Amino acid sequence: MRLPDSNLLQAFWSALASAPRAALLLDYDGTLAPFHRDPARARPYPGVDGLLERLGRLPGDRLVIVSGRALDDLLPLLRLDVQPEFWGCHGRERRLPDGRYSFTPLPDAAQQALTEAEGWTATVAAPGGHVERKPGSLAFHWRGLTPEDQRALERELEQRFARLAQADTLEWHPFDGGIELRAPGCDKGRAVRQVLDELGDRASVAYLGDDHTDEDAFAALRGRGLGVLVRPRWRATAADLWLRPPEGLRAFLARWADVRERRR
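Conventions used here
Residue positions within a chain follow its written sequence, with the count starting from 1. In keeping with the model being predicted, local features are shown solely for residues with a pLDDT of at least 70 and side-chain atom pairs are shown and tallied solely at 80 or more, while totals for entire chains, interfaces and linings include all residues. Hydrogens and waters are ignored; side-chain quantities use all the structure's heavy atoms. Note on method: axes are straight lines fitted to C-alpha atoms, helices fitted across the in-contact stretch only, with angles between N-to-C directions ranging 0 to 180 degrees. Runs of E in the DSSP output that reach at least two residues are strands. Runs of H or I that reach at least four are helices, and both are numbered from the N terminus. Each crossing gets its handedness from the near helix: less than a right angle anticlockwise from the far helix is left-handed, clockwise is right-handed. In what follows, residue pairs with any heavy atoms lying within 4.5 Å of each other are defined as contacts. The nonpolar class holds Ala, Val, Leu, Ile, Met, Phe, Trp, Tyr, Cys and Pro. Asp, Glu, Lys and Arg form the charged class, and all remaining residues, Gly among them, are polar. The pairing criterion for strands is at least two bridges between them, as found by DSSP. Pairing of aromatic rings covers Phe, Tyr and Trp, the last through its six-membered ring, and needs centres within 6.5 Å; plane angles under 30 degrees mean stacked, over 60 mean edge-to-face, and all others mean tilted. Any residue under 20% of the maximum accessible area for its type is buried, any over 50% is exposed, and the rest in between are partly exposed; the area is computed with a 1.4 Å probe on protein chains only.

### Focus: the packing of helix α1 (residues 6-18) against helix α9 (residues 247-261)
Packing of α1 against α9 leaves a shortest axis separation of 9 Å and a crossing angle of 35 degrees. As α1 runs across α9, the sense of the crossing is right-handed. Where α1 abuts α9, its residues L9, Q10, F12, W13, L16 and A17 lie against F252, R255, W256, V259 and R260. Here the residues of the contact of α1 with α9 are counted per class, giving eight nonpolar, one polar and two charged.

### Some remarks on the sheet that holds strand β6 (residues 130-134)
Strand order across the open sheet formed by four strands is β6-β7-β9-β8, with antiparallel pairing between neighbours. Of all strands in the sheet, those bounded by a partner on one side alone are β6 and β8 (171-175). In this sheet, neighbouring strand axes are inclined to one another by 20 degrees on average, regardless of whether the strands run parallel or antiparallel. As paired strands, β8 and strand β9 (residues 178-182) are joined by five bridges and run antiparallel to one another. Looking at the pairing, W172 lines up with L181 of β9. Along the sheet, helix α4 (residues 108-117) makes contact with β7 (137-141) and β9, crossing β7 at roughly 30 degrees. Sheet contacts for helix α6 (residues 147-163): β7, β8 and β9; angle to β8, the most-contacted strand, approximately 170 degrees.

### With respect to the sheet that holds strand β3 (residues 85-88)
In spatial order, the strands read β5-β4-β3-β2-β1-β10-β11-β12; together these eight strands make up an open sheet with mixed pairing. With one partner strand each, in any of the chains shown, β5 (101-103) and β12 (241-243) form the two edges of the open sheet. Between one strand and the next, the sheet's axes are offset by a mean angle of 20 degrees, whatever the strand orientation. Pairing between strand β11 (residues 226-230) and β12: three bridges, direction parallel. Paired with V228 across the two strands is L241, which belongs to β12. Taken strand by strand, α1 contacts β1 (21-26), β10 (203-209), β11 and β12, and its axis lies near 135 degrees from that of β10.

### Focus on the packing of aromatic side chains
Overall, the coordinates contain seven aromatic pairs when judged by the stated rule. With a centroid separation of 5.8 Å and an interplanar angle of 45 degrees, the aromatic rings of F12 and W256 are classed as tilted. Note that F12 is positioned in helix α1 and W256 in helix α9, a separation of 244 residues in sequence. For the residue pair F12 and W256, the accessibility class agrees, reading buried in each case. Centre to centre, the rings of W120 and F140 are 5.5 Å apart; their planes meet at 25 degrees, and the pair counts as stacked. With W120 in the loop between α4 and α5 (121-125) and F140 in strand β7, this pair connects stretches of sequence that are 20 residues apart.

Put into structure tokens, the structure is as follows:
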């Protein structure tokens, strides 16, 4: 089991202290906030809002939230006075701190396949699951169901996906608590690469995430920043470090703020 490497982390803090530019990228569900069966009630861990306020006020630095959620669902959950940059729907949506919004459209065939898959709603709802509709994807949630019901629902959805017209226009992505049908072309790694390109060289960058959907971000950051897995139990990952929430998360965010505030 890999634990946080104190030497690697200390080297990162030293580099962050002298970096002319810095960006902290954070997943939301499972990272900043514990999972909740009702996604609309998944609020950040205690103390995290205040730390994000500190980070958002660092002059010249970038605070970026990268989520699989649609931005319309995510924005109400972070009640901050200082607005970060947001990427939603695994990089398909982007909202800058000044409110400018952009969206990467999906192919018509993928949209048609998603519309057909919406017909599975009753099947998912029957055992107590729910469907999350997003621009560019559908997420089928079964968190809170019995293991037997979860397995049965997953098998049923796999069979339906195999019969779906134009199924090759969508990708099947498991996540912690369900599966998502997603139009290809956008993932969290895309958001990371875009931010890295905009920052240029000599920037200190870290990405914190918990789920398998964050592995694209960890891979995109490899060799150019610090990937941090945030979850109660370790799993195999491309991240460089592992932290347990909420204590490890709060300590990391506070240390980042301390280091960058001393540069003023």
